[in-house]
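# Architecture and fold: a report
Here are the chains, one letter per residue:
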Amino acid sequence: VNILLIGSDYRASIQGFRTDTLIVVSINKQSGVVTMLSIPRDLYVYVPGWGMQRINAAYDEGERSQFTDGGPGLLVQTLLYNLGIPIHYYALVNFGGFLKIVDTVGGVDVAVNCQVTEYRIKDPSLDESDPANYYLYTQPIGVAHMDGATALWYARARPVGGDFFRSYRQRQVLRALYHTGLRANIIPRIPSLYADLKEITQTDMGLGDVLQFIPLALKMSDTQIRSRNIGPNQTTDWVTPRGETVLLPNPDAIAALLDDVFN
């Protein structure tokens, strides 16, 4: 079962948005293995009906054109066409929703293995376009307990390694969320929390769809959660005729990676 996790930069004050975080969570019920696969936002792909574009533009194109099932529908078709990955469910969250999810479980413990220094907004409610609302923040190496605002900053920062290392940190936070949920005994409370999560998450997963994974989640060990990404070994930097810096997919390398992910 493949679930597409989508992180968007949606803000009520801005028209349109991009889906800069795309992570396919592939759950193999038979083996009990879960694989997280990050797809870079700049991957240059064919968007059905629209031509060649960055993959992070597909969702917004689908929303604006009223594609079948809207943004999720066009993004799912784009993944299927270019990578051959069938998506069975999706869940989309914006910055505010992500922050609330982390705070709902009481924060997460993340093993920071590379120091991150980047500007951070003083308060999530402040205007992001005003430089005066930022200060330089450093997250040192070590296990750090992060509240929602810190986890959001950590998952968005791009000072080291660009998007590839940022996607690694995003998968780190997801793994930490899973462990925190187990420790906090969140799983038995899923039925009561579901209504709250539906308010901050857009998804086609009903409560019954979520409950089917609980037996696996309760017995899964950390070694059964794998982390992969389409990275520099599977892509080539390129500048389009329009002057856009994108990542061209290397078909053979991507095919080998997907074979590892799904087998």
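Structure: above.
To start, this report covers the structure provided alongside it. Worth saying up front: this structure is predicted, and the values here are computed from it rather than measured. (Residues numbered from 1 in each chain as written. Predicted model: local features only at pLDDT ≥ 70, side-chain atom pairs only at ≥ 80, totals over all residues. Heavy atoms only, no water.)

### So, helix H2 (residues 70–83)
Our working rule: In this description a helix means any DSSP run of H or I spanning at least four residues, a strand means any run of E spanning at least two, and both kinds are numbered starting from the N terminus. Working rule for helices: expected span equals 1.5 Å times residues minus one. The buried label goes to any residue with under 20% of its type's maximum accessible area, the exposed label to any with over 50%, and the partly exposed label to all in between, with areas taken from a 1.4 Å probe on protein chains only.
If you check H2, its first and last C-alpha atoms are 20 Å apart, about what 14 residues at 1.5 Å a residue would give, namely 20 Å. Of all 14 residues in H2, 10 are buried; the element is thus mostly enclosed. Taken residue by residue, H2 has Gly70, Gly71, Pro72, Gly73, Leu74, Leu75, Val76, Thr78, Leu79 and Leu83 as its buried positions. Looking one or two residues past H2, Gly84 carries a phi angle of roughly 70°, positive in sign.

### Quick notes on unusual backbone geometry
Despite not being glycine, Gln66 shows a phi value in the positive range, around 55°. Mapped onto the elements of the fold, Gln66 is located in the loop between helix H1 (58–64) and H2. Owing to a relative accessible area of 73%, Gln66 belongs among the exposed residues under this scheme. Positive phi values are uncommon outside glycine, yet Asp69 reaches one of about 65°. Its place among the elements puts Asp69 in the loop between H1 and H2. Owing to a relative accessible area of 65%, Asp69 belongs among the exposed residues under this scheme.

### So, the nonpolar core
Soluble globular proteins tend to bury their nonpolar side chains together. Selection criterion: What we call a nonpolar core is a set of buried Ala, Val, Leu, Ile, Met, Phe, Trp, Tyr and Cys residues that are connected through their side-chain atoms within 4.5 Å. Residue contacts are counted whenever heavy atoms from the two residues lie within 4.5 Å of one another.
Ranked by size, the top nonpolar core spans 26 residues in total, and within it Leu4 and Ile39 carry the most contacts. Those elements that provide at least two residues to this core are strand E1 (2–7), strand E2 (21–28), strand E3 (33–39), strand E4 (44–47), H1, H2, strand E6 (89–93) and helix H9 (251–262). A per-element tally of this core places H2 first, with five residues. Not counting residues within four places of it along the chain, the set of residues in contact with Ile39 comprises Leu22, Val24, Ile55, Leu79, Leu83 and Ile230. By size, the runner-up hydrophobic cluster in this structure holds 22 residues, among which are Val108, Val112, Ala151 and Leu177.

### A look at the packing of helix H3 (residues 95–104) against helix H4 (residues 148–156)
How we decide: Between N-to-C directions, angles span 0 to 180 degrees; the directions come from axes that are lines fitted to C-alpha atoms, helices contributing only their stretch in contact. These descriptions rest on fixed angle ranges, namely under 35 degrees for roughly parallel, over 145 for roughly antiparallel, 65 to 115 for roughly perpendicular, and the rest for oblique. Each helix crossing is assigned a hand: it is left-handed if the near helix lies turned anticlockwise from the far helix by less than a right angle, otherwise right-handed if that turn is clockwise. Classification used: nonpolar for Ala, Val, Leu, Ile, Met, Phe, Trp, Tyr, Cys and Pro, charged for Asp, Glu, Lys and Arg, polar for all others including Gly.
Axis separation between H3 and H4 bottoms out at 8 Å; the angle between their running directions is 125°. The angle between the axes of H3 and H4 places the two elements in the oblique class. Taken as a pair, H3 and H4 cross one another with a handedness that is right-handed. Between H3 and H4, the contacting residues are Phe95, Phe98, Leu99, Val102 and Asp103 on the first element and Gly148, Ala149, Ala151, Leu152 and Arg156 on the second. Within the contact of H3 with H4, the residues separate by chemical class into seven nonpolar, one polar and two charged.

### Concerning the packing of H3 against helix H6 (residues 190–200)
One way to put it is that H3 packs onto H6 with a least axis distance of 9 Å and a crossing angle of 155°. By the angle between their axes, H3 is roughly antiparallel relative to H6. H6 is crossed by H3, and the crossing has right-handed handedness. Across the interface between the two elements, Gly97, Lys100, Ile101 and Thr104 from H3 touch Leu193, Leu197 and Ile200 from H6. Each residue belonging to the contact of H3 with H6 can be placed in one class, and the counts come to four nonpolar, two polar and one charged.

### What about the environment of Tyr81?
You can see Tyr81 is positioned in helix H2. Distance from Tyr81 to Val47, taken between C-alpha atoms, is 8.2 Å for residues 34 residues apart in sequence. Non-local contacts of Tyr81, meaning those with residues more than four positions away in its chain, are made with Tyr46 and Pro48.

### Comments concerning the packing of aromatic side chains
To describe a pair of aromatic rings, you give the distance between the ring centres and the angle between the ring planes. Heads up, the rule is: Pairing of aromatic side chains here covers Phe, Tyr and the six-membered ring of Trp, requires ring centres within 6.5 Å, and sorts the geometry by plane angle: under 30 degrees stacked, over 60 edge-to-face, intermediate tilted. Should the NZ of a Lys or the CZ of an Arg lie within 6 Å of a ring centre and within 35 degrees of the ring normal, that charge is described as sitting over the ring.
Taken as a whole and assessed by the stated rule, the structure comprises six aromatic pairs. Where Tyr46 meets Tyr81, the ring centres are 5.1 Å apart and the plane angle is 45°; that geometry is what we call tilted. Within this pair, whereas Tyr46 is found in strand E4, its partner Tyr81 is found in helix H2, the two being separated by 35 residues in sequence. Looking at Tyr46, the relative accessible area reads 30%, which means it is partly exposed. With relative accessibility at 55%, the residue Tyr81 sits in the exposed group. Aromatic ring contacts, followed pair by pair, group Tyr135, Tyr137 and Trp153 into a single cluster. Taking the ring centre of Tyr137 as reference, the NZ or CZ of Arg120 above it sits at 4.7 Å.

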